[in-house]
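Listed here are the chains, written in short residue letters.
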Amino acid sequence: MAETAGTKHDFTEGTMAGNILRLSFPMILAQLVNVLYNIVDRMYLGHMPGDGRLALTGVGVAFPIITIINAFANLCGSGGAPLCSIERGRGNDRRAEEIMGNSLTLLLVFGLLLTAAGYLFKVPLLYLFGASDQTISYANDYMNLYLAGNLFVMLGLGMNPFIESQGFARTGMLTVVIGAALNLLLDPLFIFGLGMGVRGAALATVLSQLVSAVWVLLFLSGRKAILRLRLSNLRLRPGLVGEILSLGLSGFTMSVTNSLVQIFCNASLQFYGGDLYVGAMTIIYSVREVVQMPMQGFTLGAQPVLGYNYGAGTNGRVKEGIRFIMRVTLCYSLAVWAVLMLFPQVVIRLFNGEAKLLEVAVVSLRLHFVLFFFMAFQYVGQTVFVSLGKAKQAVFFSLFRKAILGVPLILLLPHLWNLGIYGVLAAEPVTNIVGGLACYLTMLGTVWRRL
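Not measured: the values here are computed from a predicted model.

**What to know about the packing of helix 6 (residues 169–193) against helix 7 (residues 198–221)**
So, point 1. Between helix 6 and helix 7, the shortest axis-to-axis distance is 8 Å and the interhelical angle comes to 155 degrees. With respect to helix 7, the element helix 6 is oriented roughly antiparallel. When you trace helix 6 past helix 7, the crossing you get is right-handed. Judged by residue contacts, Thr171, Leu174, Thr175, Ile178, Gly179, Leu182, Asn183, Leu186, Asp187, Phe190 and Ile191 of helix 6 engage Gly200, Ala201, Leu203, Ala204, Thr205, Leu207, Ser208, Val211, Ser212, Trp215, Val216 and Phe219 from helix 7.

Here it is, written out as C-alpha cells:
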C-alpha cells in the first residue's frame, strides 16, 4: 500500500496478521537500528585502548538518566499515538490532530525542564547510580554533551510514533535509520579520529538525533501526512493533556521503573562486587536492549492495528490480532533465550574481551536471562491494555513487575542464604515469571472476556 496522504490506511480491511506484519517489520528494523545509538557507543568505548572497561562502565552508570529522559518521550508518544489511532478509527481526524499537537508541546516543556534538572543534579545522581571515583569522569563527560542535545532526542523519539500510528511505517523506520547511520559514521571519527573518547560518543548521538528530529517534524508538517501538525493545535488543552498523560503513564512507568531497577542493581553490584560487576551489567543491559527491541517493535507495530479495529468496533478482529501477537512473541523470546544460554561468550566479546570481565559477565548473563521467555506474556498484556486505551491496567502492571517486585527483590535476595551478588542477579528472572504471568492472565480475565 503506497504511503501517501490519499491512502485511507483502513486496518479493518485485510487480515490482522497481514496488517500487523506490514507495520511491524519496518518498526522492528527501526527499533533495532534505534538501539544502535547507545549500543554502538558502548562497543566502541569498550574497545578503547587502556581504559576501555572504565569508559564502558562510566557510560553504563549514566544510562539510567538517559532511560528517564526517554521515559518522558514515551509519556507523550506512547500516550498520544494510540489515542490518535482510536480517533482515526472513529473517523475523528480533527481531534486526532489536536492530540498530536498537544503531545508536541508537552515534549518541548518536558525537554527543557529535564535539561535544566540534569545539569543541576547529574554528579550526585551518577554517584548514587553506581559511579566510583574511577568512573565518574567518564560518566560526567558523556552526560555534559548528551544533555545539550536532550531536546532533539525527545522530539525524535516522542513524535515518531505519530508517523507510525498513521500507517507510515517505512517513513517511521527511515527516521531511525537516517540518525543511526549518521551515528555509525560519526562515532569512530569523534571517539578515535579526533580523540574525544566518551565526549565524542555523546556528540555523535546528539547530532544524529538532531537530524532525526528535523526529519520527523518536517514530515508531520508536510502534505504527505494524514494528520498534520498545526500551530492552532499546539495550545495545551487540559482534557487532552489528561488523556495523553494517563495513557502514556504505561510506557513512562515501564521506562522509569526499568531505570529504577538499574539504579538499585548498579548500586548493589558496586557494593557487593565493585566496578567489575557494574561493567558486566552494562554489557547485559546492552544485550537486553538489543534482544527486546524486536518484541518492542513488533508490539508497537500492532498497537495502531488493534486500536483502530477497537475504535471501529470490530472486536473479533482485535481478538484475532491478540492471538497472533502472542504466538509470534513467544516463539521469538524462546529462540533468543536458547541463543543466550548457549553462546554467551560470543555476545559479550562484542563489547569487551578482557578475561576477568568475560568470566564475570558469562555467569551474570545466564542468570539474568534464564527466564527471559516469560517477558512475552508481559509484552502482549501491556500491548493490549495500551492499544485499547486501558490506562489504569497498563500503568499498574508496569509498576508491578519492576517497582513492586524488582526493587524489593534486589534489596532482599542478597541477604537470603548469603547469596550476595547472585541474589542481585536472581531478582530479574523472578520478576519475569511473576510479573509476566500476572499481566497476561489479568488481560485474559478482563479485556479478552469483554471482547
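Additional details are given in the paragraphs that follow.
**Some details on the packing of aromatic side chains**
Two descriptors summarise a pair of aromatic rings, namely the distance from one centre to the other and the angle between the planes of the rings.
So, point 1. Enumeration according to the criterion identifies 13 aromatic pairs in this entry.
So, point 2. Judged by centre distance (5.0 Å) and plane angle (35 degrees), the ring pair of Phe373 and Phe374 falls under tilted. Both residues of the pair, Phe373 and Phe374, count as buried.
So, point 3. Taken together through their ring pairs, the aromatic side chains of Trp337, Phe373, Phe374, Phe377 and Tyr440 make up a single cluster.

**Looking at the side chain of Ser387**
So, point 1. Its place among the elements puts Ser387 in helix 13 (residues 375–387).
So, point 2. Judged by its relative accessible area of 0%, Ser387 is buried.
So, point 3. A distance of 2.7 Å separates the side chain of Ser387 from the backbone oxygen of Thr383, its partner in a polar contact.
So, point 4. Beyond its immediate sequence surroundings of up to four residues, Ser387 is in contact with Ile86, Gln303, Leu306 and Gly307.

**Overview of the environment of Arg323**
So, point 1. With respect to the helices and strands, Arg323 occurs in helix 10 (residues 315–342).
So, point 2. The exposure class assigned to Arg323 is partly exposed, which follows from its relative accessible area of 40%.
So, point 3. C-alpha of Arg323 to C-alpha of Ala17: the two residues are 306 residues apart in sequence and 9.6 Å apart in space.

Conventions and cut-offs
- Here, residues in each chain are numbered from 1, in the same order as that chain's written sequence.
- It should be noted that, the model being predicted, local features are given only for residues of pLDDT at least 70 and side-chain atom pairs only at 80 or more, the latter also being counted only at that level, while totals for whole chains, interfaces and linings use all residues.
- Only hydrogens and water are set aside when side-chain values are computed; all heavy atoms of the structure are taken into account.
- To get an axis, fit a line to the C-alpha atoms, keeping to the stretch in contact for a helix; angles then go from 0 to 180 degrees between the N-to-C directions.
- Working definition: helices are DSSP H or I runs of at least four residues, strands are E runs of at least two. Numbering for both runs from the N terminus.
- Note that the term roughly parallel is reserved for angles under 35 degrees, roughly antiparallel for angles over 145, roughly perpendicular for angles of 65 to 115, and oblique for everything else.
- Whether a crossing is left-handed or right-handed is set by the direction in which the near helix is turned from the far one by less than a right angle, anticlockwise for left-handed and clockwise for right-handed.
- Note on contacts: a residue pair qualifies if any of its non-hydrogen atoms lie within 4.5 Å across the two residues.
- The rule is short: rings of Phe, Tyr and Trp, with Trp giving its six-membered ring, pair when the centres are within 6.5 Å, and they are stacked under 30 degrees, edge-to-face over 60, tilted in between.
- Between buried and exposed lies partly exposed: a residue is buried under 20% and exposed over 50% of the maximum accessible area for its type, with that area taken using a 1.4 Å probe on protein chains only.
- Polar contact is the term for a pair of N or O atoms within 3.5 Å; when the atoms are in protein, one must be able to donate a hydrogen and the other to accept it, and sequence-neighboring residues count only if both atoms are side-chain atoms.

Interpretation in functional terms is not warranted from these geometric data alone.
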